Amino acid sequence: ARRYEKDTVGSVFSSFDVALCPGYEILFGRLSLVMNAGIYLFRKNPIYTLTYQRIGIRYEPTDRFYFMVALKTHFAQSDFIEWAAGINLYKRKQ
């Protein structure tokens, strides 16, 4: 909540961040552990550290659809929780 206090009337880009975020995914059948470590290239409101971590669980009930939940943190301080549902555009090699 601290991050957006001053932006009560602002543009969509008032809290826009750009980051480089390489990641890794460990597969356990249809379940996988998703891990990312990111570094900000541009931050409009630099109240957090320069780096962040993202860890999540992804489940693919079929070859095309997936569901995911992930937590983005700045070391011990969480930023947000992400819920996702999506469609794979390609089929994974088994």
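Above this text sits the structure in question.
What comes next concerns the included structure. (Residues numbered from 1 in each chain as written. Predicted model: local features only at pLDDT ≥ 70, side-chain atom pairs only at ≥ 80, totals over all residues. Heavy atoms only, no water.)

Residue position: N88 is located in the segment after β6 (77-87). Among the polar contacts listed, one links the side chain of N88 to the backbone oxygen of D63, at a separation of 3.3 Å. Leaving out residues up to four positions away in the same chain, N88 has contacts with R58, E60, D63, R64 and Y66. (Helix = DSSP H or I, 4+ residues; strand = E, 2+ residues; numbered from the N terminus. Polar contact = N/O pair within 3.5 Å; in protein donor to acceptor, adjacent residues only side chain to side chain. Contact = heavy atoms within 4.5 Å.)

Per the stated rule, a full pass over the model turns up four salt bridges. For D63, the salt bridge is made with R30, and the minimal N-O distance between the two is 3.8 Å. With D63 in the loop between β4 (51-59) and β5 (65-74) and R30 in the loop between β2 (23-28) and β3 (31-43), the pair connects residues that are 33 residues apart, well separated along the chain. Under the relative-accessibility criterion, D63 is labelled partly exposed at 32%. Between R58 and E60 there is a salt bridge, with its nearest N and O atoms 3.3 Å apart. (Salt bridge = Lys/Arg side-chain N within 4 Å of Asp/Glu carboxyl O. Buried < 20%, exposed > 50% of the residue type's maximum accessible area, 1.4 Å probe, protein only.)

The next point concerns the packing of aromatic side chains. Summed over all chains, the structure comprises one aromatic pair. Ring geometry for Y40 against Y52: centres 5.1 Å apart, planes inclined by 40 degrees, an arrangement best described as tilted. Of this pair, Y40 sits in strand β3 while Y52 sits in strand β4, and the two are 12 residues apart along the sequence. For Y52, a relative accessible area of 8% translates into the label buried. One Lys or Arg, R58, reaches over the ring of Y66 and ends 3.9 Å from the middle of that ring. (Phe/Tyr/Trp six-rings, centres within 6.5 Å; stacked < 30°, edge-to-face > 60°. Lys NZ or Arg CZ within 6 Å of the ring centre and 35° of its normal.)

Position of A70 among the secondary structure elements: in strand β5. Separated by 37 residues in sequence, A70 and L33 place their C-alpha atoms 9.5 Å apart. Among all residues touching A70, those that are not within four sequence positions of it are R54, I55, G56, F80, I81 and E82.

Another aspect to go through is a nonpolar patch on the surface. Side chains of F16, V18, L20, I39, L41, F42 and L50 sit close together on the surface and give an oily, nonpolar patch of about 640 Å² of accessible area. Counting residues per element, the nonpolar patch draws most heavily on β3, which supplies three residues. Counting through the fold element by element, V18 comes out in strand β1 (residues 17-20). (Patch = residues over 30% accessible without salt bridge, like charges linked within 9 Å, V, L, I, M, F, W, Y side chains within 5 Å. Areas by Shrake-Rupley, 256 points an atom, 1.4 Å probe, with all protein chains shown as cover.)

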